[in-house]
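# Observations on the three-dimensional arrangement
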Amino acid sequence: MDIDLQVAPNTTALKEALLKYSDADQIIIDTAGTNPFETNSIKMLARLVGASNMLPVLVLPAGMQADEAGEMAQIFQTVGAQALLPTRIDVARRLGSILCAAYSGGLTFTEFSATPKVADGLSQLTSKRLTQLLMPRANTANMLKSKVSG
């Protein structure tokens, strides 16, 4: 990916790394997976989020049980998560969990991942693309309808 990586095991190291790259166009901070139901893990994540002015994004796999995804999103929202980046879109057949997470956590959608290879990048999640993912046959029906009308 040709990017400069830094390891920051604590908030002090994170603050130092952020100062080092203060002139960068973009800084991506990838934290370890956090158990939202473990208080100490959430407290540590809250300290990391509080280390700088950042936009915390919840990365959540699609295909989870919807209520559980919603509960997780509510917890991550309390530590500052503002956006949701769904992953595993390519292998999930039930996407209600991402809608429940976004709604329950008051999160906006960012991009999404539909590949097992992170280096392949992310795709933009527009309202049209979300509709296509949730209702793949709806677009086909609309195309047929417009051909008949036109």
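Residues numbered from 1 in each chain as written. Predicted model: local features only at pLDDT ≥ 70, side-chain atom pairs only at ≥ 80, totals over all residues. Heavy atoms only, no water.

### Thoughts on the sheet that holds strand E3 (residues 108–109)
So the rule is basically this: Strand pairing is assigned whenever DSSP detects at least two bridges linking the two strands. In this description a helix means any DSSP run of H or I spanning at least four residues, a strand means any run of E spanning at least two, and both kinds are numbered starting from the N terminus. The criterion used for residue contact is that any of the two residues' heavy atoms lie within 4.5 Å. Think of each axis as a best-fit line through the C-alpha atoms, taken over the contacting stretch in the case of a helix, with angles from 0 to 180 degrees between the N-to-C directions.
The strand order across the open sheet built from three strands is E1-E2-E3, with neighbouring strands paired in parallel fashion. In the strand order of this sheet, the two ends are held by strand E1 (57–61) and E3, each with one partner. Note that strand E2 (residues 83–87) and E3 share two bridges and pair parallel. Residue pairing in the sheet places Ala 83 in a bridge with Thr 108 of E3. Against the sheet, helix H4 (residues 96–105) touches E1, E2 and E3, its axis set at about 165° to E2.

### Focus on helix H3 (residues 66–78)
Quick note on the threshold: Multiplying 1.5 Å by the helix residue count minus one yields the expected span of that helix. Using a 1.4 Å probe on the protein chains alone, a residue whose accessible area is under 20% of its type maximum counts as buried, one over 50% counts as exposed, and one in between counts as partly exposed. In this context, the arc is that of the directions from the helix axis out to the C-beta atoms. Side-chain atoms alone can form a polar contact between residues adjacent in sequence; in general such a contact is a pair of N or O atoms within 3.5 Å, and within protein one must be able to donate a hydrogen while the other accepts it.
With 13 residues, H3 ought to run about 18 Å at 1.5 Å a step, and its terminal C-alpha atoms sit 19 Å apart, in line with that. Among the residues of H3, those classed as buried are Ala 69, Gly 70, Met 72, Ala 73 and Phe 76. All buried residues of H3 lie within an arc of 165° about the axis, which places them on one face of the element. Exposed residues pointing more than 90 degrees away from the buried face of H3 are listed as Asp 67 and Thr 78. Residues of H3 that are buried sit in contact with helix H2 (39–49), E1 and H4. Between the side-chain oxygen at the start of H3 and the backbone nitrogen of Asp 67 there is a gap of 3.0 Å, and the oxygen is on Gln 65. Where H3 ends, the next residue or the one after it, Gly 80, has phi of about 115°, a positive value.

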